[in-house]
Amino acid sequence: MCAEPITDAHQHVVNLESRLLMCTCRGCYLLFTAEQAELRYRAVPERYLSFPGFSLGAGEWDDLQIPVGLAFLFQNSVQDRTVAFYPGPAGATESELPLDAWVRIVDANPSLRHLRPDVEALLLRGPDRDHPRFTAHLVPIDACYALVGRLRSLWRGFDGGQQARAAIEDFFARVDRRSRPAPLWPDSGGTP
Ligand SMILES: [Zn+2]
Ligand SMILES: [Zn+2]
């Protein structure tokens, strides 16, 4: 974004029109952190949140029409819609999210409203052998892109194969370490 040299650990901003991430120095990053500002670029926050009381039934998951057990959702403020992506051999595949099904899930889990448009994603993970429940995490959107890029190079077959599953485990272990529980959403009447 500018001529300032950047280190390996640096921040990103999202170009709201092209959806591309740009690497930035700290100074440029801070220019784009204002949430209300009408800006073409928006800084990607660094917070990770978990949702300990997250409730999602298998039927509700089916309603979202996501064919694999892992998806990330984000709000596109330019197109005013919520988009779901899931990983696979071609990178991230977009899935048209049935809006009413998603609204029901957010109504049942009001703290999901902490999600900021364009720069954060909700990572939803379905149950498997080692994880009996659905989980949700709010993560910086650049972390999702990094995961998708890694999975694309490892993915084998329909379910990803052993290496992709190991990469997913590794990613979630790091997400768990960095996450703190999401605060209550103000209008949720005390239910997390
Ligand atoms: Zn970068
Ligand atoms: Zn800069």
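Residues numbered from 1 in each chain as written. Chains lettered and ligands numbered in written order. Predicted model: local features only at pLDDT ≥ 70, side-chain atom pairs only at ≥ 80, totals over all residues. Heavy atoms only, no water.

A. How the structure looks around the coordination of the zinc ion (ligand 1). On the protein side, the zinc ion (ligand 1) has His10 (NE2), His12 (NE2) and Cys23 (SG) as donor atoms, found 2.0 to 2.2 Å from it. The class for His12 is buried, based on a relative accessible area of 16%. (Donors = N, O, S within 2.8 Å, 3.2 Å for Na, K, Ca; no water. Buried < 20%, exposed > 50% of the residue type's maximum accessible area, 1.4 Å probe, protein only.)

B. Spatial organisation of the side chain of Asn15. With respect to the helices and strands, the residue Asn15 is situated in strand β1 (residues 11-15). Classification of Asn15 by relative accessible area gives buried; the value is 7%. From its side chain, Asn15 meets the backbone nitrogen of Glu17 in a polar contact 2.9 Å long. Those residues in contact with Asn15 that sit more than four places away from it in its chain are Leu20, Arg40 and Tyr41. (Helix = DSSP H or I, 4+ residues; strand = E, 2+ residues; numbered from the N terminus. Polar contact = N/O pair within 3.5 Å; in protein donor to acceptor, adjacent residues only side chain to side chain. Contact = heavy atoms within 4.5 Å.)

C. Structural context of the coordination of the zinc ion (ligand 2). Around the zinc ion (ligand 2), the protein supplies Cys2 (SG), Cys25 (SG) and Cys28 (SG) as donor atoms, at distances of 2.1 to 2.3 Å. Counting the intervening residues between successive donors of the zinc ion (ligand 2) yields the motif C-x22-C-x2-C. Of this pair, Cys2 sits in the segment before β1 while Cys28 sits in helix α1 (residues 26-31); the two residues are 26 residues apart in sequence, bridging distant segments of the chain. Its relative accessible area of 42% is what places Cys2 among the partly exposed residues.

D. A look at the pattern of salt bridges. Applying the stated rule across the entire model yields 10 salt bridges. Between Arg47 and Glu120 there is a salt bridge, and its shortest N-O distance comes to 2.7 Å. Taken as a pair, Arg47 in the loop between β3 (41-43) and β4 (49-50) and Glu120 in strand β8 (residues 120-125) lie far apart in primary sequence, 73 residues in all. For Asp107, the salt bridge goes to Arg113, with nearest N and O atoms at 2.9 Å. Judged by relative accessible area, Asp107 falls into the partly exposed class, the value being 48%. One network of salt bridges, with partners in common, ties together Arg81, Glu94 and Glu96. (Salt bridge = Lys/Arg side-chain N within 4 Å of Asp/Glu carboxyl O.)

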